[in-house]
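So the chains spell out like this:
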Amino acid sequence: MIAVRSSDAWVKATPLVFVLIWATGFIVARFGMPHAPPLSFLSMRYALSIACFGVWIVWAKVAWPQSRQQFLHLSVTGILMHAGYLGGVWVAVKAGMGSGLSSLVVGFQPVLTAIWLSYSLRGTDQPGISRRQWLGLWLGFVGLLMVVWRKLTLGTPLDHVTPANMAFAVTALLSITVGTLYQKRFVQACDVRSANTVQLFAALVVTLPFALMETESMRWNTELVGAMAWSVLGLTLGGSSLLYMLIQRGAAASVTSLMYLVSPTTAMMAWLLFGETITLATILGTALTALGVSLVVRPSRPS
């Protein structure tokens, strides 16, 4: 029997670890959002993350990107995938949109990515989205809808949909979609720590001026400190770094399909932490989502 190398096992486990970490974003929002304005929270999260990465970079003697063009591409992805995506989601939720609807809007990303890839790859010799993958994408979206449907029908989330918070949610959707495609197309392989630092710095430059306009102050307590600590150490240093690695190593459609698993995983965490009800629809939706993702990420058989 050939022993599996630890590095190979880690590579295979990376998507699962990413989903588990990324799903805690809504849990963090539940703890931190009531005590802080969204953009001020995110600005401090970016600044603390830059400081942590900076110490890591100096200690490990990590190389920085080599060209000015690479810095520019990383800055663009940072503005889109941090400032645009996170800022859009957090402001939309703070403005009254329910977490179920916001996750559903952003959850349309895999299909939007597949539509763009199918359009852009027409007439080229590169493989597009197969029928099996299209089936998986739509099954995953239906499963996502089943998971969040209960939150959509409890009354309050839909009652607070406004043109403003819907615009922020759609901005988040477009930002994470364009950012993923842009990074896959233009960002060259480089160390994830220095790359993430450049991205976060660009996001901070864009977010901070808007944060300074917020009138609400940050009310520091145990919940806010815990939310900030996990946002920096878990979501940014861990989750964002894994997302960067997954995009660099995998196909865009396969990577974005993992986002379908975030809402079901969040629902399970909310059940464990807050005692939220798990319905039959949630279980069936989770199974359908997992089936859909498996159809997307499963490698094609050689002809």
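The coordinates are above.
(A) Expanded view of the packing of helix α9 (residues 192-211) against helix α10 (residues 222-249). Interaxial distance between α9 and α10 falls to 10 Å at its minimum, and their mutual angle equals 105°. In this view, α9 runs roughly perpendicular relative to α10, as classed from their interaxial angle. Contacts between α9 and α10 pair Val192, Ala195, Asn196, Gln199 and Leu200 from the former with Thr236, Ser240, Ser241, Tyr244 and Met245 from the latter.

(B) Here's a closer look at the packing of helix α2 (residues 38-60) against α9. The contact between α2 and α9 brings their axes to 9 Å, and the two run at 155°. Of the possible angle classes, the one that applies to α2 and α9 is roughly antiparallel. The chirality of how α2 crosses α9 is left-handed. Here Leu39, Ser40, Ser43, Tyr46, Ala47, Ser49, Ile50, Phe53, Trp56, Ile57 and Ala60 of α2 lie close against α9, whose contacting residues are Arg193, Ser194, Asn196, Thr197, Leu200, Phe201, Ala203, Leu204, Thr207, Leu208, Phe210 and Ala211. Each residue belonging to the contact of α2 with α9 can be placed in one class, and the counts come to 15 nonpolar, 7 polar and 1 charged.

(C) Representation of the nonpolar core in the model. Grouped together as the largest cluster of nonpolar side chains are 74 residues, with contacts concentrated most on Phe18, Phe41, Tyr85, Trp90 and Leu243. With 12 residues, α10 is the single largest residue contributor to this core. Setting aside anything within four residues of it in sequence, one finds Trp90 in contact with Val28, Ala29, Met33, Pro38, Phe41 and Leu42.

Conventions used here
- Residues numbered from 1 in each chain as written.
- Predicted model: local features only at pLDDT ≥ 70, side-chain atom pairs only at ≥ 80, totals over all residues.
- Heavy atoms only, no water.
- Axes fitted to C-alpha atoms, helices over the stretch in contact; angles between N-to-C directions.
- Helix = DSSP H or I, 4+ residues; strand = E, 2+ residues; numbered from the N terminus.
- Parallel < 35°, antiparallel > 145°, perpendicular 65-115°, else oblique.
- Contact = heavy atoms within 4.5 Å.
- Left-handed = near helix turned anticlockwise from the far one by under 90°.
- Nonpolar A, V, L, I, M, F, W, Y, C, P; charged D, E, K, R; others polar.
- Core = buried A, V, L, I, M, F, W, Y, C linked by side-chain atoms within 4.5 Å.
- Buried < 20%, exposed > 50% of the residue type's maximum accessible area, 1.4 Å probe, protein only.

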